[in-house]
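As a plain string of letters, each chain reads:
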Amino acid sequence: MGGLLKFIIITICVLYILRVLARIFLPFLFKKAIHKMQEKMQQQQGGAYQYQQQNSTKPEGKITVDYIPPQKKEPKLDNAGDFVDYEEVK
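Residues numbered from 1 in each chain as written. Predicted model: local features only at pLDDT ≥ 70, side-chain atom pairs only at ≥ 80, totals over all residues. Heavy atoms only, no water.

1. Quick look at the overall build of the protein chain
Applied cut-off: The numbering of helices and of strands both runs from the N terminus, where a helix is a DSSP run of H or I of at least 4 residues and a strand a run of E of at least 2. Each residue gets one of three labels from its accessible area relative to the maximum for its type: buried under 20%, exposed over 50%, partly exposed in between, using a 1.4 Å probe on protein chains only. Where accessible areas are quoted, they stem from the Shrake-Rupley method and a 1.4 Å probe; at the residue level, only the protein chains shown are allowed to cover.
Scanning the protein chain from N- to C-terminus turns up two helices and zero strands. When burial is assessed residue by residue, the protein chain has 0% of its 90 residues classed as buried. Carbon and sulfur atoms provide 61% of the accessible area of the protein chain, an area that totals close to 10100 Å².

2. Details of a nonpolar patch on the surface
Note the threshold: Think of a patch as exposed residues, more than 30% relative accessible area, with no salt bridge, where like charges cluster within 9 Å and nonpolar side chains (Val, Leu, Ile, Met, Phe, Trp, Tyr) cluster within 5 Å. Each reported salt bridge corresponds to a side-chain nitrogen of Lys or Arg within 4 Å of a carboxyl oxygen of Asp or Glu.
A grouping of Y16, I17, V20, L21, I24, F25, L26, F28, L29, F30, I34 and M37 is seen on the molecular surface, where their side chains present a nonpolar patch of about 1200 Å² in accessible area. By secondary structure assignment, the location of L29 is in helix α1 (residues 2-55). L29 gets classed as exposed once you look at its relative accessible area, which sits at 52%.

Keep in mind that these numbers describe shape and distance, not what the molecule does.
Below, the structure is given as structure tokens:
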């Protein structure tokens, strides 16, 4: 019975110590992780800005169309099939 009581006391002490350490170190870890993410985002955006500047040989404010989709040709009635006139019966 003494072993069980000793185990419970040690477990409670370890959990309490982990809780205190988490309160101390987790904010630092989160700040560090957020800082790394911000740096990565800035690098990605900086790379996109440089890519845009390098590929932008057109003057600013000028509108150009890079792609024009092909226009669909409507079928001629001769090739569409037979059409039958009908009269509505009431």
